[in-house]
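Here is how the chains run, residue by residue.
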Amino acid sequence: MLKSLLPALLLAAALLPAVSPAAEPPPVQALPAMEVPRYAGQWFEIARFPNRFQKQCSGDVTARYTLQADGGIQVVNRCRLADGRYDQATALARQQDPAGRNTQLEVRFAPAWLSWLPWVWGDYWVLALDKDYRHALVGTPDRDYLWVLSRTPQLDEKAYADLLEKAKAQGYDTSRLQKTAQGTIR
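About the criteria used
- Residues numbered from 1 in each chain as written.
- Predicted model: local features only at pLDDT ≥ 70, side-chain atom pairs only at ≥ 80, totals over all residues.
- Heavy atoms only, no water.
- Buried < 20%, exposed > 50% of the residue type's maximum accessible area, 1.4 Å probe, protein only.
- Helix = DSSP H or I, 4+ residues; strand = E, 2+ residues; numbered from the N terminus.
- Pairing = 2+ DSSP bridges.
- Disulfide = S-S within 2.5 Å.
- pLDDT = per-residue confidence, 0-100.
- Contact = heavy atoms within 4.5 Å.
- Core = buried A, V, L, I, M, F, W, Y, C linked by side-chain atoms within 4.5 Å.

*Asks:* Quick question: what am I supposed to make of the pairing of strand 1 (residues 41-48) here?
*Replies:* Each regular strand displays side chains that alternate between the two surfaces of the sheet. In terms of residue burial, strand 1 counts as a mostly covered element, since 8 of its 8 residues are buried. In this sheet, strand 2 (residues 57-67) lies alongside strand 1 in antiparallel orientation, the contact comprising 4 bridges. Of the residues in strand 2, the one forming a bridge with Gln-42 is Arg-64. The pairing of strand 1 with strand 9 (residues 178-179) spans 2 bridges and is antiparallel. Counted as the bridge partner of Arg-48 is Gln-178 from strand 9.

The following block contains the structure:
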């Protein structure tokens, strides 16, 4: 019986389309370099991947980056809550590798006394930045987090679409992006 089924099984296997695993996208690439003093200042969040640490934010999300004397960057994230109050978190950012790209940062919101623990530091990679430092794309190398930032509360559709294309080219699923309501912070 098995001998009579063998030719049919071989024929069926030959006719099935080849199934190959989905190709892995290449590793995420941060920009080669940026002028950190020009990157400093206030940014408005235009869109983000949903995440646990921003789930309480209903809009008006900003990030302010301030250079520190020791070379670090103070980060102050602020957002409006559903009840109209504001929530704020302060962090420290530093270059991941002092000899590496200054666009590959890591951020710590945990207290300073915990800074020796590697898992309190989160990746923050600048993936795209326009020449005038007006809008940026920031993500993580594992593609779990992505933010679209602008110096103004609104970003024109062409600039937004360009940043989405850059994110897609890096392997990010841009369908996960949620736009951020902006309007009351100036």
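*Asks:* Help me out: how do you make sense of the state of the cysteines in this one?
*Replies:* As used here, a disulfide is simply a covalent bond connecting the sulfur atoms of two cysteines. Taken as a whole and judged by the stated rule, the model has 1 disulfide. The partner cysteine of Cys-57 in its disulfide is Cys-79, sulfur to sulfur 2.2 Å. Disulfide Cys-57-Cys-79: torsion about the S-S bond near -75°, hence left-handed. Here Cys-57 is found in strand 2, whereas its partner Cys-79 is found in strand 3 (residues 73-81), with 22 residues between them in sequence. You'll find Cys-57 and Cys-79 in the same group, each marked buried.

*Asks:* Would you mind showing me how to read the confidence of the model for the protein here?
*Replies:* Do not read the predicted coordinates in detail wherever pLDDT is low. Per-residue confidence for the protein gives a mean pLDDT of 87; residues scoring 70 or more make up 85%. For residues 5-20, every residue scores under 50 in pLDDT, and the model assigns this stretch 0 contacts once sequence neighbours within four places are set aside.

*Asks:* I tried to follow the nonpolar core on my own but got confused; where do I start?
*Replies:* When a protein is soluble and globular, its nonpolar side chains tend to lie buried together. Counting 21 residues, the largest nonpolar core has Met-34, Tyr-39, Tyr-65, Tyr-124, Leu-129 and Leu-149 as the members making the most contacts within it. The biggest single contributor to this core is strand 6 (residues 121-129), with 3 residues. Tyr-65 has contacts with Tyr-39, Ala-40, Gly-41, Trp-43, Ile-73, Gln-74, Val-75, Tyr-124 and Leu-149, leaving out every residue within four places of it along the chain. Counting residues in each nonpolar core, the second largest holds 19 residues, with Val-28, Ala-128, Leu-146 and Val-148 among its members.

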